[in-house]
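Coordinate analysis (summary)
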Amino acid sequence: MAVPLSQMYTVSKYVLTQKFRGVKRYPLVLMLEPLFRCNLACAGCGKIQYPDHVLDKHLTPEQCWAAAEECGAPIVSIPGGEPLIHPQMAKIVGGLVAQKRYVYLCTNAILMERKLDEYRPSQFLTFSVHMDGLRDEHDLAVCRDGVYDVAVKAIKAALKRGHRVTTNTTLFDDANPERVRKFFDEMMALGVEGMMISPGYSYQKAPDQQHFLKRERTRELFSRILGRPKRGWQFNQSPLFLDFLMGRREYQCTPWGNPTYNVFGWQKPCYLLQEGYTKTFRELMELTEWDNYGTGRNEKCADCMVHCGYEASAVEDTFGTVSGFSRTVKLTLLPTSR
């Protein structure tokens, strides 16, 4: 695994503390969305479909810092929209790093190289670059030619300056397993710290509704991609979550593990579904009918196997069961044993 030891220690200490206190539901990753506006119009994304008066809104640094403190999660993921469009993003990140939270700044990398001077390399900051495959696949997914090459150039520049860099990849029904495996090889050769992968998000507002993955297709696709891992591949994810994607472990969704805060407030129940908002994190945890969501509980959740619902489930398995812990250790030390 590519997760730094300092981050692994912080997360494990945090999880074990919650379990010792008997806390049943706790956040692991805050999904912080300071704005929805983007400089791309990807066919599988539903964020930029909001009207202009919403796209013009953004959270202040103070709102972002307060949300992180209120939530208490050790990791903050900043998706979008495109976060680097935010005029105070460097200030937001600096404040979160000062809180000693591990920040994953998600970006399509179009603005990344020119913005690097605004960020200091830190063990707490990672640029998570959205890469949806090799050049042809990526540029098709983002609906613009040349973006892959821009992103590769930005990744090289960030690595040269000492920044932590990972990639995040969303796979859809038309993904070619062998091409995806070749893509993994290219990202590792590029020098990124690790890769994150997930099935396509089922956004109701997304223009392309034809290529979201069904549950069985997800298991088939990820089994073909991950079933014979190469020794050099590094994933910045729980190995049990990857097992789950291949159908080797069963989990129920734990959406409270990745709560979302954006310009509307705390989103119920998760990053993908919009069933209302609350003003405070406490209200989110206490007023959300959690048992109404997840596979077998809600038709909207039937095919979902996305990390924001199931990565926390895998982490819970790691620290909550002997089989989960032993499997995690085995795959961490011998990743090719999968």
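You'll find the structure just up there.
Notes on the structure in this doc start here. (Residues numbered from 1 in each chain as written. Predicted model: local features only at pLDDT ≥ 70, side-chain atom pairs only at ≥ 80, totals over all residues. Heavy atoms only, no water.)

A closer look at the overall build of the protein chain
The number of helices and strands found in the protein chain is 13 helices and nine strands. Whereas a compact globule of 338 residues would reach a radius of gyration of roughly 20 Å, the protein chain reaches 19 Å, a difference of no more than 12%. Taking the principal axes of its C-alpha atoms as reference, the protein chain extends roughly 45 × 45 × 40 Å. In the protein chain, the share of contacts with a sequence separation of at least 24, taken over all contacts with a separation of at least 6, comes to 74%. (Helix = DSSP H or I, 4+ residues; strand = E, 2+ residues; numbered from the N terminus. Rg over C-alpha atoms; globule rule 2.2 N^0.38 Å. Contact = heavy atoms within 4.5 Å.)

A closer look at helix H9 (residues 215–226)
Taking 1.5 Å of rise per residue, twelve residues should cover 16 Å, and H9 covers 16 Å from first to last C-alpha, within 8% of that figure. Those residues of H9 that sit buried are Arg215, Arg217, Thr218, Arg219, Leu221, Phe222, Ile225 and Leu226. Buried residues along H9 sit in contact with strand E5 (164–171), helix H8 (177–190), strand E6 (194–199), helix H10 (239–245) and helix H12 (307–320). (Expected span 1.5 Å × (residues − 1). Buried < 20%, exposed > 50% of the residue type's maximum accessible area, 1.4 Å probe, protein only.)

Some remarks on the environment of leucine 273
Here leucine 273 lies in the loop between strand E8 (265–269) and strand E9 (274–278). For leucine 273, a relative accessible area of 11% gives the class buried. The spacing of leucine 273 and lysine 300 is 27 residues in sequence and 8.2 Å in space, taken between C-alpha atoms. Residues in contact with leucine 273, not counting those within four places in the same chain, are Gln267, Lys268, Tyr293, Lys300 and Cys301.

Notes on the sheet that holds strand E1 (residues 29–32)
Taken in spatial order, the nine strands line up as E6-E5-E4-E3-E2-E1-E7-E8-E9 in an open sheet, and their pairing is mixed. The two strands at the open ends of the sheet, each matched to only one other strand, are E6 and E9. On average, adjacent strands in this sheet sit at an angle of 30° to one another, irrespective of strand direction. Here five bridges tie strand E3 (residues 102–107) to strand E4 (residues 125–130), and the two strands are oriented parallel to one another. Of the residues in E4, the one forming a bridge with valine 103 is leucine 125. (Pairing = 2+ DSSP bridges. Axes fitted to C-alpha atoms, helices over the stretch in contact; angles between N-to-C directions.)

Observations concerning a nonpolar patch on the surface
Among the surface-exposed residues, Phe325, Val329, Leu333 and Leu334 lie close enough to one another that they form a single nonpolar patch of about 400 Å² accessible area. Judged by its relative accessible area of 65%, leucine 333 falls in the exposed class. (Patch = residues over 30% accessible without salt bridge, like charges linked within 9 Å, V, L, I, M, F, W, Y side chains within 5 Å. Areas by Shrake-Rupley, 256 points an atom, 1.4 Å probe, with all protein chains shown as cover. Salt bridge = Lys/Arg side-chain N within 4 Å of Asp/Glu carboxyl O.)

Concerning the side chain of threonine 167
Within the fold, threonine 167 resides in strand E5. In contact with threonine 167, other than residues within four places in its own chain, are Ser128, Val129, Met131, Met187, Val192, Gly194, Met195 and Met196.

Considerations on the pattern of salt bridges
Applying the stated rule across the entire model yields 21 salt bridges. For glutamate 113, the salt bridge identified is with lysine 153, shortest N-O distance 2.8 Å. Of this pair, glutamate 113 sits in helix H5 (residues 112–115) while lysine 153 is found in helix H7 (residues 147–160), placing the two residues 40 residues apart along the sequence. Between aspartate 173 and arginine 217 there is a salt bridge, and its shortest N-O distance comes to 3.3 Å. Taken as a pair, aspartate 173 in the loop between E5 and H8 and arginine 217 in helix H9 lie far apart in primary sequence, 44 residues in all. Residue aspartate 173 is classed as partly exposed on the basis of its relative accessible area, which comes to 31%. Three or more residues are tied together by salt bridges with common partners; here these are Asp173, Arg217 and Glu220.

Describing the packing of aromatic side chains
One pass over the structure, following the stated rule, counts 17 aromatic pairs. A ring pair is formed by phenylalanine 184 and tryptophan 233, whose centres lie 5.0 Å apart and whose planes are at 80°; its orientation type is edge-to-face. Remark: tryptophan 233 occurs in the loop between H9 and H10 and phenylalanine 184 occurs in helix H8; sequence separation between them is 49 residues. Each of the two residues, phenylalanine 184 as well as tryptophan 233, counts as buried. (Phe/Tyr/Trp six-rings, centres within 6.5 Å; stacked < 30°, edge-to-face > 60°.)

Comments concerning unusual backbone geometry
That bond from glycine 80 to glycine 81 is cis: its omega, 5°, falls within 30 degrees of zero. Within the secondary structure, glycine 81 is located in the loop between strand E2 (75–78) and helix H4 (89–98). Backbone torsion omega between lysine 268 and proline 269 reads -10°, so that peptide bond is classified as cis. If you trace the backbone, proline 269 turns up in strand E8. Phi is positive for lysine 100, which is not a glycine, with a value near 60°. Residue placement: lysine 100 occurs in the loop between H4 and E3. Even without glycine at this site, alanine 109 takes up a positive phi of about 75°. By the element assignment, alanine 109 lies in the loop between E3 and H5.

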